[in-house]
Amino acid sequence: MKILEANAGALANFEVLNFLKSKGASKDPTRVLADVAPSEYKVYDYLVETAACDQTKENVNEFLEKCKKYDLAKAEVLNIINIRASTAVEIYLIVEDCEKRLGDDVDELVKTVAEVLPPAPTEPASEEVNNEADEKTADQNINEQLVGEGPEKAPDKEPIETS
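Procedures and definitions
- Residues numbered from 1 in each chain as written.
- Predicted model: local features only at pLDDT ≥ 70, side-chain atom pairs only at ≥ 80, totals over all residues.
- Heavy atoms only, no water.
- UniProt positions renumbered as here; feature names shortened; annotations may be inferred.
- Helix = DSSP H or I, 4+ residues; strand = E, 2+ residues; numbered from the N terminus.
- Contact = heavy atoms within 4.5 Å.
- Expected span 1.5 Å × (residues − 1).
- Buried < 20%, exposed > 50% of the residue type's maximum accessible area, 1.4 Å probe, protein only.
- Arc of directions from axis to C-beta.
- Axes fitted to C-alpha atoms, helices over the stretch in contact; angles between N-to-C directions.
- Parallel < 35°, antiparallel > 145°, perpendicular 65-115°, else oblique.
- Left-handed = near helix turned anticlockwise from the far one by under 90°.
- Nonpolar A, V, L, I, M, F, W, Y, C, P; charged D, E, K, R; others polar.
- Core = buried A, V, L, I, M, F, W, Y, C linked by side-chain atoms within 4.5 Å.
- Domains from an automatic or database assignment.

As named in an unreviewed UniProt entry, the protein chain is DNA-directed RNA polymerase III subunit RPC9, taken from Morus notabilis. The record held by UniProt for the protein chain lists under Subcellular location (unreviewed entry) the comment "Nucleus". In its Sequence similarities (unreviewed entry) section, the UniProt record describing the protein chain reads: "Belongs to the eukaryotic RPC9 RNA polymerase subunit family."

*Asks:* Would you mind showing me how to read the side chain of Glu76 here?
*Replies:* Assignment of secondary structure puts Glu76 in helix α4 (residues 74-83). Residue contacts for Glu76: discarding those within four places in its chain leaves Ile94, Val95, Glu96 and Arg101.

*Asks:* Where do I start with helix α7 (residues 105-116) in this structure?
*Replies:* Given 3.6 residues per helical turn, the α-helix brings residues three or four places apart onto the same face. A rise of 1.5 Å per residue sets the reference length of α7, with its twelve residues, at 16 Å; its end C-alpha atoms lie 16 Å apart and thus fit the reference within 8%. The complete set of buried residues in α7 reads Val106, Leu109, Val110, Thr112, Val113 and Val116. Each buried residue of α7 sits inside an arc of 155° when the element is viewed along its axis, so together they form one side. Within α7, the exposed residues directed more than 90 degrees away from the buried face are Lys111 and Glu115. On its buried side, α7 packs onto α3 (57-67), α4, α5 (88-94) and α6 (98-101).

*Asks:* Would you explain the packing of α3 against α7 in this entry?
*Replies:* Angle between the axes and distance between the axes are the two parameters that describe a pair of packed helices. Where α3 meets α7, the axes come as close as 10 Å, and the angle between the chain directions of the two elements is 160°. Considered as vectors, α3 and α7 are oriented roughly antiparallel to each other. The handedness of the crossing between α3 and α7 is right-handed. Here α3 contributes Asn59, Glu62, Phe63, Lys66 and Cys67 to the contact with α7, which in turn contributes Leu109, Thr112, Val113, Glu115 and Val116. Of the residues that constitute the contact of α3 with α7, the class distribution is five nonpolar, two polar and three charged.

*Asks:* Explanation requested: helix α2 (residues 38-48) in the structure shown.
*Replies:* Of the residues making up α2, those classed as buried are Tyr41, Tyr44 and Leu47. Angularly, the buried residues of α2 cover 130° about the axis, an arc narrow enough to put them on a single face. What points out from α2, more than 90 degrees from its buried face, is the exposed set Pro38, Lys42 and Tyr46. Residues of α2 that are buried make contact with α1 (13-22).

*Asks:* Sorry if this is basic, but what is going on with the nonpolar core here?
*Replies:* Generally speaking, soluble globular proteins have nonpolar side chains that are buried together. With 23 residues, the main nonpolar core has Phe63, Leu72, Ile80, Ile91, Val95, Leu102 and Leu109 as its most contacted residues. Of all the secondary structure elements, the ones that give two or more residues to this core are α3, α4, α5 and α7. A per-element tally of this core places α7 first, with five residues. Residues lining this core come from more than one domain, with at least three contributed by each of domain 1 (10-53) and domain 2 (56-119). Those residues in contact with Ile91 that lie beyond four places of it in its chain are Ile80, Ala85, Cys98, Leu102, Val106, Leu109 and Val110.

Dropping the structure here:
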């Protein structure tokens, strides 16, 4: 990839992700062979878990065309693309004076985002809840083993203070 013009403008997250992929960030599981800095790997790891991983130039160009009627600033459009603002609350947080500028068109903009930009990959929330419950149960079991069979059978010793 060759830089034609330095500092030509802000990049969308999917463009940064594509650049890192072209440098070999996705091809080197050992993270030793590719010419990618450790900080770039961290950025890559973050972006792979966001909506940027499924966005394409075609999606973004279609969204840009449909957004022209809202007269949004470039930074606002870029934030909507990067975050994939899928609720009215997110749009209100991104667009300055949203109520005055967009009015009732906020819901229409949310629908446009949902239709054009692909959703972010998600992990099942139920696994996280189950893991947290398992961790709490394991912690309780360890505590019971350390103290005895339970709070009613705890020895009459005072606890040791740790600091």
